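# Observations on the model geometry
Here is what each chain is made of, one letter per residue.
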Amino acid sequence: MSPSTRSPEARVRWTPVEGAGELFTPAFCDYLCLLHDRLGGRVHELRAHRAEMLRLAHAGTPPAPEPSSAITTGDWKVPPVPMELAKPGIEISGPCSITSMFINALNPGPEGERAEGDLDDDEDSGGHRLVDTVRAAHHRVAAVHRELHYVDPERKKEYRIAEGELPFFMHRERGLHLDEPDVTIDGQPVCAAVLGTALSLFYVGRAQAERRQGIYFYLPKLETAEEAGWYRDLFESSRERLPHLRDAVIRAIVLVESLPCVYAMEEMLHALGPYAAGLNAARWDLKASIFEYVMSDPQSVWPDRFGVDIKTTPFLSNIFRRLVAICLKRGAAPIGGMATALPNPDPEVNRVAAEAIRKDKEWEARQGFIRGWVAHIFHMKVAADPFKERIGSGWTPTPEMANPDNYPVKIEVPEGPITLEGTRRNARMVVEYLEGWLNGRGAKSIDSLAGKPGIHPALMEDLATGRMSVAQLAQRIRHRARTTDGPVAVHDAALVKRLLHEETDDILKRLEATAPAGDARATAAYAAAEDRYRKSVKIAMRWIRNYTELDFRSLGSYTRADLDRIAAEPDAF
């Protein structure tokens, strides 16, 4: 029997995680099969094209600007951007699969103000398991209905959505580079982007359409205009099949977080057609993508990434000025980057963090961005004010700011030192992030300078930071990079392995010191954490080695069983 003659219920199989049965109804399975049949084959073609672009880059032909075309020279605009997407201010980002964090994001911050928008994330800060995707789908619907509620039994704390107008929702699903192994159609894993977007359009999309709310998406990890066109076809197919979407407003903002995307921003907006709304300056993933495309070039070894600031690195500043120019030229919304600092019991740490956030957002507002992102409600107001103040003052962009030709793309090696301390911070970051991943979290509070002098708040780090840290470690190993400042060292696998173990030992020593003596629960929690950290070192070495061998497979593509197996194998170093 061919797939087309089998019932959708017979074709679709899923791992029975909590809540999945309520979502995988016959009607949803029918819709999911439709998308899979129409778009699944193209996913593999697009992935193959990505692999070929990387192969060509490492053979000496990196991505480059496309010649002028009717698209770049034509007089066209994206459809008028919905008023709420044109608001100045801030969007708060976090995993919507973790109930308490999602509720907090929707509520007012310490000053009593809510964010303008909520980036309910199932991608870089999500756990990348089917259970996370299922929870995200349920939580989104409950949030729109204002029914989301959670009681934390350990902390004896209750979470509810506060009264008042909610932020608009920006749904971010996993990218088309990933599959969901726990959901299959005709025995093959379904593309994670198909599954996540389908769940949102079918469920929370219906709840939003009933309330005449816009249904908005961030599109992650796009690399070509053809990929943007794939999403347009997904939205068109969904509108045809689902009656509640026929008159709904569906719009998407492209995350500019890959090197090829930098050269195709205008073409991507055009390819999205009626669904285009804007572009977002995704900083960390873009740096990681640049690392991946230059990994084989010994002349492109970067200095410590912690000192490579968008504001003071001319070629990176130009990329984002070009992004704004394209948005101004085409009537789209330019959205800035993330402020990741978390609150601290020390007021001085919070003061320093707030000053840094304000400075960063003031720079973005001057470039023409209308909003940015923030990781915690504590810093929402300080992050939002620069956008509101500048646009509220009557300021308007100059004609020069709306001309992309004023900001040509040229990839360079940033200025700055290569230090052992920078390598050590990357090592600590990777181990800390992987421990959180093994604990079911895609976002984690991390201070890569813990115990060091100075004022440094913990940051909410997600998969982009882990990817970027791994890439820099691999680049230094691959090219045996020599330090240019501080203690003299030549990078190799043995050096990075030593740093991974030293940083893990320090993390565990500090963690043990905080556990109350004689508390059985605390002792058990420490033992479980120690096991995760030791596994993380093994997984980190495998991940880093993959990168040195030009294998840039996403952490999100590994199942937890895969990671357990890697942790049980001999060291990759």
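Our subject in this report is the structure included herewith. Computed from a predicted structure; not experimentally measured.

The rules behind these values
- Residues numbered from 1 in each chain as written.
- Predicted model: local features only at pLDDT ≥ 70, side-chain atom pairs only at ≥ 80, totals over all residues.
- Heavy atoms only, no water.
- Helix = DSSP H or I, 4+ residues; strand = E, 2+ residues; numbered from the N terminus.
- Expected span 1.5 Å × (residues − 1).
- Polar contact = N/O pair within 3.5 Å; in protein donor to acceptor, adjacent residues only side chain to side chain.
- Salt bridge = Lys/Arg side-chain N within 4 Å of Asp/Glu carboxyl O.
- Buried < 20%, exposed > 50% of the residue type's maximum accessible area, 1.4 Å probe, protein only.
- Core = buried A, V, L, I, M, F, W, Y, C linked by side-chain atoms within 4.5 Å.
- Contact = heavy atoms within 4.5 Å.
- Axes fitted to C-alpha atoms, helices over the stretch in contact; angles between N-to-C directions.
- Parallel < 35°, antiparallel > 145°, perpendicular 65-115°, else oblique.
- Left-handed = near helix turned anticlockwise from the far one by under 90°.
- Arc of directions from axis to C-beta.
- Pairing = 2+ DSSP bridges.
- Right-handed = clockwise from strand over helix to strand, strands pointing away.

### Observations regarding helix 18 (residues 520–548)
The terminal C-alpha atoms of helix 18, which comprises 29 residues, lie 42 Å apart, in line with the 42 Å expected from a rise of 1.5 Å per residue. Sitting at the amino-terminal end of helix 18 is Asp-519, which places a side-chain oxygen 3.0 Å from the backbone nitrogen of Arg-521. Just downstream of helix 18, Leu-550 is the residue with a positive phi angle, here 65°.

### Let's talk about the pattern of salt bridges
This structure, assessed with the given rule, holds 63 salt bridges. Of the charged contacts, one joins Lys-452 and Glu-421 as a salt bridge, the two residues approaching to 2.8 Å between their closest N and O atoms. Taken as a pair, Lys-452 in the loop between strand 14 (444–446) and strand 15 (459–461) and Glu-421 in helix 15 (residues 420–438) lie far apart in primary sequence, 31 residues in all. Given a relative accessible area of 30%, Lys-452 falls into the partly exposed group. Here Arg-545 and Glu-549 are joined by a salt bridge, their closest N and O atoms 2.9 Å apart. What makes Glu-549 partly exposed here is its relative accessible area of 44%. Salt bridges sharing common partners tie together Asp-121, Glu-123, Asp-124, Arg-172, Lys-221, Glu-257, Asp-285, Glu-292 and Arg-467.

### Details of the nonpolar core
Most often, soluble globular proteins have nonpolar side chains that are buried together. Phe-24, Phe-28, Leu-32, Trp-230 and Phe-235 are the most contacted members of the largest nonpolar core, which has 155 residues in total. Ranked by residue count, the leading element in this core is helix 3 (residues 26–58), at eleven residues. With near-sequence residues (within four places) excluded, Trp-230 lies in contact with Leu-39, Arg-42, Val-43, Leu-46, Leu-176, Ala-193 and Val-194. One finds Leu-106, Ala-136, Phe-169 and Val-204 within the second-largest nonpolar core, a separate group that totals 15 residues.

### Regarding the packing of helix 8 (residues 225–241) against helix 10 (residues 265–272)
Between helix 8 and helix 10, whose axes approach to 8 Å, the crossing angle comes to 20°. What the angle tells us is that helix 8 and helix 10 run roughly parallel. The interaxial crossing formed by helix 8 with helix 10 has right-handed handedness. Residues Ala-225, Ala-228, Gly-229, Tyr-231 and Arg-232 of helix 8 form the contact with helix 10, whose own contacting residues are Glu-267, Met-268, His-270, Ala-271 and Leu-272.

### Focus: helix 19 (residues 560–568)
In an α-helix there are 3.6 residues to a turn, and that puts residues three or four apart on one side. Taken together, the buried positions of helix 19 are Asp-562, Leu-563, Ile-566 and Ala-567. Along the axis of helix 19, the buried positions cluster into a sector of 135°, meaning they face one direction only. When the buried face of helix 19 is taken as reference, the exposed residues oriented beyond 90 degrees from it are Ala-561 and Ala-568.

### Points about the pairing of strand 2 (residues 89–95)
Across the seven residues that make up strand 2, a large majority, seven, are buried. For strand 2 and strand 13 (residues 371–374), the ladder comprises four bridges, and the chain directions are parallel. Within strand 13, the position partnered with Glu-91 by the bridge is Trp-373. Summarising the sheet, strand 2 and strand 3 (residues 117–121) pair through five bridges and their orientation is parallel. Pairing of Ile-92 across the sheet is with Asp-118, part of strand 3. Taken together, strand 2, helix 5 (residues 99–106) and strand 3 form a β-α-β motif whose crossover is right-handed.

### Overview of the sheet that holds strand 9 (residues 215–219)
The parallel closed barrel is built from eight strands, whose spatial order is 2-3-6-9-10-11-12-13. Averaged over all pairs of adjacent strands, the angle between their axes in this sheet comes to 30°, without regard to strand direction. Most of the contacts of helix 6 (residues 130–144) go to strand 6 (residues 168–172), to which it runs at about 170°, and overall it touches strand 3 and strand 6. Sitting on the sheet, helix 7 (residues 192–210) is in contact with strand 6, strand 9 and strand 10 (250–256), with an inclination near 155° to strand 9.

### Notes on the side chain of His-456
Topologically, His-456 is positioned in the loop between strand 14 and strand 15. A polar contact is formed between the side chain of His-456 and the backbone oxygen of Leu-449, at a distance of 3.4 Å. Among the polar contacts made by the side chain of His-456, one reaches the main-chain carbonyl oxygen of Lys-452 at a distance of 2.9 Å. Non-local contacts of His-456, meaning those with residues more than four positions away in its chain, are made with Val-349, Asp-447, Leu-449 and Ala-450.

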